[in-house]
Amino acid sequence: QVQLVESGGGVVQAGGSLKLSCAASRSIFSIGAMGWHRQAPGNQRELVARITSGGSTNYAESVKGRFAISRDNAKNTVYLQMNSLKPEDTAVYYCNADRVTYYSSNGNLRDLYDRWGQGTQVTVSS
């Protein structure tokens, strides 16, 4: 199976920075739009940032100007640079890809849709 694996979470003081990474496993041909979502206890999962295969981005208003999403298609990886972190940013952050095209065992291309990573915890202390 194609998996998305997040890394880079941790505990940071308010005002600090973290950079999250999300990499796709196995042999990948291409990935469509990718995004970062987060979910705090008792809250619904919300979109934080999104980036298309062509590099167009959008952000939640709460993180605009502080967070930056980017991707490296050669590495099948998406990043989330988080600066000026606030306690309210504390959540589990999930990576998402709307479409992943990968090489099957016989060399044919196959598509998977709406893939999610396992999440990485970000805790911002005051």
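Residues numbered from 1 in each chain as written. Predicted model: local features only at pLDDT ≥ 70, side-chain atom pairs only at ≥ 80, totals over all residues. Heavy atoms only, no water.

Observations regarding the nonpolar core
If you look at the biggest cluster of nonpolar residues, it comprises 32 residues, and the most contacted ones within it are Trp36, Leu80, Met82 and Tyr93. Elements that contribute at least two residues to this core include exactly β3 (18-24), β4 (28-31), β5 (34-39), β6 (46-51), β8 (67-72), β9 (77-82), β10 (91-103) and β12 (120-125). (Core = buried A, V, L, I, M, F, W, Y, C linked by side-chain atoms within 4.5 Å. Buried < 20%, exposed > 50% of the residue type's maximum accessible area, 1.4 Å probe, protein only. Helix = DSSP H or I, 4+ residues; strand = E, 2+ residues; numbered from the N terminus.)

A closer look at the environment of tyrosine 94
One can find tyrosine 94 in strand β10. Each C-alpha atom of the pair tyrosine 94 and aspartate 72 lies 18 Å from the other, and the pair is 22 residues apart in sequence. Ignoring anything within four residues of it in the chain, the contact list for tyrosine 94 reads Glu6, Gly35, Trp36, His37, Gln39, Arg45, Trp116, Gly117, Gln118 and Gly119. (Contact = heavy atoms within 4.5 Å.)

Some details on the state of the cysteines
Counting across every chain of the model gives 1 disulfide. The disulfide bridge from cysteine 22 ends at cysteine 95, spanning 2.1 Å between sulfur atoms. Here the S-S torsion is close to -80 degrees, and the disulfide linking cysteine 22 with cysteine 95 is therefore left-handed. In this pair, cysteine 22 sits in strand β3 while cysteine 95 sits in strand β10, placing the two residues 73 residues apart along the sequence. The buried category is assigned to cysteine 22, whose relative accessible area is 0%. The exposure class assigned to cysteine 95 is buried, which follows from its relative accessible area of 0%. (Disulfide = S-S within 2.5 Å.)

Section: the pattern of salt bridges
Applying the stated rule across the entire model yields 5 salt bridges. The residue glutamate 46 makes a salt bridge to arginine 38 at a minimum N-O spacing of 2.8 Å. We classify glutamate 46 as partly exposed; its relative accessible area is 35%. Between aspartate 89 and arginine 38 there is a salt bridge, and its shortest N-O distance comes to 3.0 Å. Linking aspartate 89 in the loop between β9 and β10 with arginine 38 in strand β5, this pair joins segments that are 51 residues apart in sequence. Both residues of the pair, aspartate 89 and arginine 38, belong to the buried class. Within the structure, one salt-bridge network assembled from shared partners comprises Arg38, Glu46, Arg66 and Asp89. (Salt bridge = Lys/Arg side-chain N within 4 Å of Asp/Glu carboxyl O.)

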